[in-house]
Structure formats: C-alpha cells, structure tokens
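Below are the chains, spelled out letter by letter.
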2 protein chains.
Amino acid sequence: MPRNLLVAQSGGPTAVINSSVCGVVTEAMRQQRISGIYGAINGILGVLREELVDLREEAPLSIWKLRGTPSAALGSCRYKLRQEDFKRVMEVLAAHDVGYFVYAGGNDSMDTAHKVAMLASEKKYDLKVMGVPKTVDNDLLVTDHCPGYGSVARFNAMAARDSSLDTEAIYTADTVKIIETMGRDTGWITASTALARENADDGPHLIYLPERPFVAENFFEDVQSVYKRLGRVVICVCEGLRDEAGEFVTASKRALDTDSFGHKQLGGVGDYLVNLVASKLKIKARYDKPGTIQRVSGFCMSQVDVEEAYRVGQAAVSKTIEGESDKMLTLVRRDGKEYHCETGLVDLEKVAFGRKPVPDEFINRQSNFVTPEFLEYVRPLIGGSLPEYARLRRKVLEKRLPAYAQA
Amino acid sequence: MPRNLLVAQSGGPTAVINSSVCGVVTEAMRQQRISGIYGAINGILGVLREELVDLREEAPLSIWKLRGTPSAALGSCRYKLRQEDFKRVMEVLAAHDVGYFVYAGGNDSMDTAHKVAMLASEKKYDLKVMGVPKTVDNDLLVTDHCPGYGSVARFNAMAARDSSLDTEAIYTADTVKIIETMGRDTGWITASTALARENADDGPHLIYLPERPFVAENFFEDVQSVYKRLGRVVICVCEGLRDEAGEFVTASKRALDTDSFGHKQLGGVGDYLVNLVASKLKIKARYDKPGTIQRVSGFCMSQVDVEEAYRVGQAAVSKTIEGESDKMLTLVRRDGKEYHCETGLVDLEKVAFGRKPVPDEFINRQSNFVTPEFLEYVRPLIGGSLPEYARLRRKVLEKRLPAYAQA
C-alpha cells in the first residue's frame, strides 16, 4: 500500500534548503509507493500543530523554482521537542498515515529525527525517517561538507573580496576593516573568506577562527605587522570567537540570550574589535556584518551547492523506499583530480550531537589564517571562480617635480 | 596641439565608478586632441604627490573589464585640499601638460574640482575641468540620480528581500530584524529596500529615513502594530538617523570620529535599536549591517547603473573637447513610459555644497515607509527585476486531531 511522505525544514535557513525540498518532492513524485506528499509548516512545530500542506497541489514550476529560492519555503523553527511532545508527533504522523518522514536540518534536527525514529520503532509504527544535512555552519560530522555551506562560502568570498577592494581603494581612511561572519562554534564560514585573496597583498590579511582562543596581544602584533607593510588591514572574524577563558569576544550583552536548545545569540565581535583597534593601536577601523544576509543570499548561490542539496533531497526519498531509516544522507568526496561527491548514509545518532571543527591542518601555525589544504577543500564547493575583476598595471609616469612635503 | 588628460577618483568607492573611468579612457582614445591619458593614484592626493600612471599602457581588456569591477581601480581618497595645496596642484598639472582634468566623486569632490577650475582660470592656465557624478548616497543636486546609486539600491533590495525571507521562515526566533544601511545625511539608500516588498505582508515592514526625526514612541507603536498583525517585523534604518534634537541615533561612541571634511563615521543604529526593542518591547531582535559591502558589491551591479556611469565618463571627455569646463555631468530623465536618461551639464559650483534629501512626496505620512512615487522613481535604476523566487501556495490539509495546547 502506498503511504504518505512528510518533509520539513528546521533550524537556520540557507540558500539551498529549498533545493533539497525540490529534490524530495521531485523524487517522491516518481515513486509509486508514495501517495501524499506533505510538508510541515515551520518544521516539527507544524507537526505538533498539525499544520501540514499538500505539496502535490503546488504548481510544478513553483516546485522547480525552489532550486533558486533561498530561505525555507515551508518555514523553519528552532524548537526542542519536550518529552511530552513525542507522543503528539506520533499521533499526527499516524493520523495522516505518514510512512516516510524527511527532516532537513543541522545536528539538533538530526537528534529530533533520531528520537522520532526510535519512538516509532518502539511503538511498532512503520515509519522510515531520513535526515537531510543542512547547515551553513558546515559542522555536521561524517559528511564531507553540508549543503548550504558552499553558498555561504561563495557569498563571503565575494563580500570579503569586494570589501577588501573598498579598503584598498580608500586607504587614507578606515584603514582597518573587520568583517564579522557567522559561525556559532566552528570557523568554517569565516575560513571561506580566504578565497577572496588572489594576490599576496589582497585582503583578507588575517582570519580568526573560534577553533583557536583569541589572544589580544597576538592580535595586536598581527594587525600592526600587516599595517606596517601595507598601510591597511582586512580582518575576518567569526562571531563565535572566544578568549582563552572560553568567553565570547563580544561587545554585546545580548550574547546571553539563548534559544530553546541553549544556543547563545551571537554577534558583536566586529564592533568589539573595532573599538580595540581604535583604542589600543590608534588606527581607525570599521566593520561589516552581513548577518543573516550571508546565509540566504539568493544572488550568490553556489551552483554546486544547489545541485548537491537537490541530490541529497532526492536520495533521501529513494533510500527510504529502499528500506533505509534512522539515517542521514552524507556527501562523500571521491578521490581524483576532478571534484565529485557521491551521496552516502550515516546513522542519525552518529551525527546528532557531535560537531566537526575546522581541523588543525586547515589552520596556519600562527592561528591567523587558513592553509592551502583548506583552500583546496573549499574551492570546488563555491561553484566556480569568482567573477574576474580588472587589475590595472599602473605604469607610473616619471616625476618631474621635487617631492611635496605636505602630502 | 594635443594635450594630456588626467582622470581621478574620489570619495567612497562604488560598484560603478570604474565604469566611469572606462568611459573616460575609451572616449579619450577616440579624441585626436588628447595625447596622454593619465590617472592619478588616490584622487587628488595622487596629484599632490605626483603619483600619476599612464592609462594608455593598460591592456585594452583591463580597461574594458573596469565596467565589471567594483571599488576604485585608481585608488580614492578623502582629502580636503588646504589653501597651500592648490599651488602644488597647478604645478603638477602644468609639469605634465594636463589640459583636461576629469574628477569623479560626490559633492566634496565637485567642490575640489571647482576650486581647481577657478584657480586655473585665475592663473591663465588653460585647463578644462569636468566633474563626473559618483555617490551611492544619491544626494547630488540637479542630477536625476547619481551613478553608484542604482547598484547599491539593487544590493539592498536583494539583501532586504533575502533577509526578510529569513525572518519569515524562522519566526519563532529573531522576530524583529533590523537592517542598517548606509546613508550619511539622506535616506536614498535605505528607501531602496522597499523594492524587496512584492506582497503586502513581505518585509521590509518599516523604513526609517534621516529626513524625519526618529521618535522612539512612534517607533514602538509602529513595531508593535506590525508584530501583532504578522508575528514578525523587518525594519530598515539609515545609519544617519537622528532624533528630534538632531543627535545621531547610535550605540557607538565612534560616531564622533570625523574625516578631513568633518563628516562623522557612522554606524551603530542597528545595534542600538536591537537593544531598544529587546528592552522596551521584550521582543528578541537581531541586526544585519552589510556596511561597505553594499557599496562595492561586484555581484549585484545594476546594468543600468554600469551603463550610465560609463556614459557620463564618455560625455565628460567629449564635452571638455567641445570646450565645456567647470561643469558636472548630470543624468536627465526623459518623460515617457520607457525609462531613459540623457546626459546634461550643470555648473560645478551649483552642486559643490548642496545635498538633495529624499523629498516629502517620497515619504509616507507616518514617516515609516516610502510612497509609490518613490518606487516609480527607483525601480528603473536597479537594472531589471529581482530574480523571481518560488512562493508555495501551501494548501493546508484538513486537521484530523484536536488542537495541541502546548505548541
């Protein structure tokens, strides 16, 4: 008997989580064993509230256009199921004869999916559960990388390049530029700004990741050293940067705000460092903080990311039909010259709690930049080179006058 | 006798000021009366320092690619000429037989250009001076709009749309989103975020411009009213927002920093309002501050802007050859259904100091959004519609269970 499939989106939106839903729906339509294709509004909350929509009623073009639509078209949530909620989840799934449940999200969502799978098994309710990896943070275990990351990396590489050119052009003002990127616990996003650097003196010149404690003295030395050499410094920092005591480096009291998973709302390190540079080094500084724009930028998607997000969505459906359950899709990078990833599977419980930090071999010895190995890892994920810009040769005219003392 | 042309870039970089230089160089190459085509490095500072480059030595492809390269390829500056500097400027121009001087910049730069023109005339030095309008702030007088504005408007429309979708998707957290845009004295940039709104409930819901004093009580009412209706609020604010006493609304002490023209470095209103919303309305909020990324975004140029910047560059050269001097190029919008701008001329001294605020008819009565007239004005400048996104119909499934109290 065909049964119904339910798909939901969870956690922070990304540029390509809708592409995964497109993959899920497209594949589900091909499967004879799937009858209804449902979406839950606002993730697991939509299940609790029984707010489900019929995705077969959508225009085919709308479904297809999800590949180019950022954010979460079904709505997302940050909600940690309480013990008493699980019973309700099972009731709603049963009331709508859901036999296949696909949940796209990060590690918290994989935990939720795993618990639902376990409960179904305990209650002898026939349910296949598949997790679809999604997080700009790129910190899920096992998978080579996470859908969503390639696009945020492309955005930040572009933004860091443009912002660096801005600082380079007008070096007589704002000579230190801080770019604050997202990244709750890991520095993957911040690290991607290194792709902006095409020539030795290009920005960013310094990159600080939360994988290394922030030491103010080293920071001052780093900044002054670049400043002396170039007269300008572009610094990319992660919002999740912590000092040696493990405290967030931030100007903001709001870092104490927490969501229902206990995660702190971050942001403020850029502002903090601008003040530090101004007060200690007496160099004028400013900061850019693209904030949530970076994670959902529809104008800067990586086409590799869009395609991989689509494929893990498709595979989530085909694998459940093959009988797999309680697993998350992964991306497995094949060895070889040309970049290629295949999809794989991993038990949900193996990814539900752990986090993959940027490994040591991707961070330089001075803890202020990434290594060539990281660039090799990240480059294929952003979906092609950045657009080529002109660089003038600037052939200097011979001087005909004595130097002017005042300028 | 053919004489030499000198072009320089000044003030904050934009996405298309290089396109103007491309127009200048391309047109100068066609003119028999121009021999050397020189660029000054870092604007008027490069003149003082006699740091000039030979633009005929650049590869033709590099010159052409300037049309797609943001920031300022010759370098820019923020430097106000002192009385004693003018003599030096004339000496350098004379030493290199510069007969044509093209200066791209905002109103401060037009002031500089005008003073150079006056001094040349006084000294009987044959010099034609032309100003090329350039400012993301869009606040130059007389011209319909300024090259640079269409691209920053496109960036902000895209960013506000994406960021609004982000807030809409995850309305169970971060229910108030503040987007802080640039704009020192005028709200043109902030106003452009209104283009993000395609349907009545889309963000941004509120837009605050520096043309109206910020009144906290009205702000609270506005925010609560939208919040009650939609459960989320996206607010775009200008970094130059001021209160009724004329003081900047900002959390930052750095607003007291000033450049050599006496302009304050702004930024901080987003942070300030987040705290205000959290403390007074008890609603969680966060802010995005794309900062300098917005003004030089190479990935989001308006092609109309690129083309117009190119054309004012070209016209600056052809008009000097026709004998015009001490003037700035303008864009003159033709009446009619189809958008079209021609180039015009205005005396430099008429644009050197004034600023064009967003006019009353472009701001709504409640001072919290723009009018349809503004949208009509700005829409053609961003170079075509924003990419189309999918909107799901969300046909809701009939409920089969009683409501769940806890969610």
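Since the structure is predicted, the reported quantities are computational estimates derived from the model, not experimental observations. (Residues numbered from 1 in each chain as written. Chains lettered and ligands numbered in written order. Predicted model: local features only at pLDDT ≥ 70, side-chain atom pairs only at ≥ 80, totals over all residues. Heavy atoms only, no water.)

1. Some words on the overall build of chain A
Argument step 1. Counting its regular elements, chain A contains 12 helices and 11 strands.
Argument step 2. Its C-alpha atoms give chain A a radius of gyration of 23 Å, within 12% of the compact-globule value 22 Å for 407 residues.
Argument step 3. Once the C-alpha set of chain A is aligned to its principal axes, its extents read approximately 90 × 45 × 35 Å.
Argument step 4. The buried share among the 407 residues of chain A stands at 65%.
Argument step 5. Restricting to contacts in chain A with at least 6 residues of sequence separation, those with at least 24 account for 76%.
Argument step 6. Here chain A holds 53 positive side-chain charges and 55 negative ones, and the gap between their average locations is 4 Å. (Helix = DSSP H or I, 4+ residues; strand = E, 2+ residues; numbered from the N terminus. Rg over C-alpha atoms; globule rule 2.2 N^0.38 Å. Buried < 20%, exposed > 50% of the residue type's maximum accessible area, 1.4 Å probe, protein only. Contact = heavy atoms within 4.5 Å. Lys, Arg positive; Asp, Glu negative; His and termini not counted. Charge placed at Lys NZ, Arg CZ, Asp CG, Glu CD.)

2. Let's talk about the interface of chain B and chain A
Argument step 1. Taken together, the contact pairs 98 residues of chain B with 98 residues of chain A.
Argument step 2. Buried area between chain B and chain A, summed over both chains or domains, comes out near 8,800 Å², and the portion from carbon and sulfur atoms is 55%.
Argument step 3. One can count 4 salt bridges joining chain B with chain A.
Argument step 4. In this structure, Arg295 of chain B and Asp166 of chain A form a salt bridge, with 2.6 Å as the shortest nitrogen-oxygen distance.
Argument step 5. Counting only elements with at least two residues in the side of chain B that touches chain A, the list comes to helix 2 (43-48), strand 3 (52-54), helix 3 (60-65), helix 4 (85-95), helix 6 (149-169), helix 9 (269-281) and strand 9 (285-288) of chain B.
Argument step 6. It is helix 6 of chain B that contributes the most residues to the side of chain B that touches chain A, 8 residues altogether.
Argument step 7. Per-class residue counts for the side of chain B that touches chain A are 44 nonpolar, 20 polar and 34 charged. (Buried area = accessible area lost by both parts, 1.4 Å probe. Salt bridge = Lys/Arg side-chain N within 4 Å of Asp/Glu carboxyl O. Nonpolar A, V, L, I, M, F, W, Y, C, P; charged D, E, K, R; others polar.)

3. Some points on the confidence of the model for chain A
Argument step 1. Across chain A, the average pLDDT comes to 94, with 94% of residues at or above 70.
Argument step 2. This complex was scored by the predictor with a pTM of 0.95 and an ipTM of 0.95. (pLDDT = per-residue confidence, 0-100.)

4. Here's the deal with the packing of aromatic side chains
Argument step 1. Counted under the stated rule, the structure contains 31 aromatic pairs over all chains.
Argument step 2. Ring centres of Phe155 of chain A and Phe299 of chain A lie 6.3 Å apart, and the angle between their planes is 65°; this geometry places the pair in the edge-to-face category. Of this pair, Phe155 of chain A sits in helix 6 (residues 149-169) while Phe299 of chain A sits in the loop between strand 9 (285-288) and helix 10 (303-321); the two residues are 144 residues apart in sequence, bridging distant segments of the chain.
Argument step 3. The buried category is assigned to Phe299 of chain A, whose relative accessible area is 13%.
Argument step 4. With 5.2 Å between their ring centres and 55° between their planes, Phe214 of chain B and Phe219 of chain B make a pair best called tilted.
Argument step 5. Owing to a relative accessible area of 8%, Phe214 of chain B belongs among the buried residues under this scheme.
Argument step 6. On the basis of relative accessible area, Phe219 of chain B is assigned to the buried category, the value being 0%.
Argument step 7. For Arg3 of chain A, the ring lying beneath its charged end belongs to Tyr125 of chain A, and the centroid distance is 5.4 Å. (Phe/Tyr/Trp six-rings, centres within 6.5 Å; stacked < 30°, edge-to-face > 60°. Lys NZ or Arg CZ within 6 Å of the ring centre and 35° of its normal.)

5. Looking at the environment of Gln294 of chain A
Residue and element names in this part refer to chain A.
Argument step 1. Relative to the helices and strands, Gln294 resides in the loop between strand 9 and helix 10.
Argument step 2. Put simply, Gln294 and Leu127 are 167 residues apart on the chain and 36 Å apart in space, counted from C-alpha to C-alpha.
Argument step 3. The contact partners of Gln294, leaving out residues within four places of it in the chain, are Val152, Phe155, Asn156, Glu180, Thr181, Met182 and Ile189.
Argument step 4. A polar contact of 3.0 Å, which involves the side chain of Gln294, links it to the side chain of Asn156.
Argument step 5. There is a polar contact of 2.9 Å between the side chain of Gln294 and the backbone oxygen of Gly291. (Polar contact = N/O pair within 3.5 Å; in protein donor to acceptor, adjacent residues only side chain to side chain.)

6. Here's the deal with the nonpolar core
Argument step 1. Tyr149 and Phe374 of chain A together with Tyr149 and Phe374 of chain B are the most contacted members of the largest nonpolar core, which has 72 residues in total.
Argument step 2. When contributions to this core are tallied by element, the ones reaching two or more residues are helix 6, helix 7 (188-191), strand 8 (233-238) and helix 12 (372-378) of chain A together with helix 6, helix 7 (188-191), strand 8 (233-238) and helix 12 (372-378) of chain B.
Argument step 3. Setting aside chain neighbours within four positions, we find Tyr149 of chain B in contact with Thr135, Val136, Asn138, Trp188, Ile189, Ser192, Asp305, Phe374, Tyr377, Val378 and Leu381 of chain B.
Argument step 4. Grouped together as the second largest cluster of nonpolar side chains are 48 residues, Leu230, Val233, Val274 and Tyr287 of chain B included. (Core = buried A, V, L, I, M, F, W, Y, C linked by side-chain atoms within 4.5 Å.)

7. A look at unusual backbone geometry
Argument step 1. Here the residue pair Gly203 of chain A and Pro204 of chain A is connected by a cis peptide bond, since its omega of -5° sits within 30 degrees of zero.
Argument step 2. Turning to its location among the elements, Pro204 of chain A is positioned in the loop between helix 7 and strand 7 (206-208).

8. What to know about the relation of the copies chain B and chain A
Argument step 1. Overlaying chain B on chain A yields an RMSD of 0.0 Å, the required transformation being a rotation through 180° with an accompanying axial translation of 0.0 Å. On the angle and the small slide along the axis, the relation comes out as a two-fold axis. Among all residues of chain B, the minimum C-alpha distance to the rotation axis is found for Pro290 of chain B, at 2.1 Å. (Least-squares fit on C-alpha atoms with pLDDT ≥ 70 in both.)

9. Digging into the pattern of salt bridges
Argument step 1. Overall, the coordinates contain 54 salt bridges over all chains when judged by the stated rule.
Argument step 2. Arg67 of chain B is paired through a salt bridge with Glu307 of chain B; the nearest N and O atoms lie 2.9 Å apart. Residue Arg67 of chain B is found in the loop between helix 3 and helix 4, and its partner Glu307 of chain B is found in helix 10 (residues 303-321); the two are separated by 240 residues along the sequence.
Argument step 3. Look at Arg67 of chain B and you get buried, because its relative accessible area is 16%.
Argument step 4. Looking at Glu307 of chain B, the relative accessible area reads 31%, which means it is partly exposed.
Argument step 5. With a shortest N-O distance of 3.8 Å, Arg82 of chain B and Glu84 of chain B are connected by a salt bridge.
Argument step 6. In this structure Glu84 of chain B comes out as partly exposed when scored by relative accessible area, which is 44%.
Argument step 7. Beyond isolated ion pairs, a larger network of salt bridges with shared partners links Arg3, Asp97, Asp126 and Lys128 of chain A.

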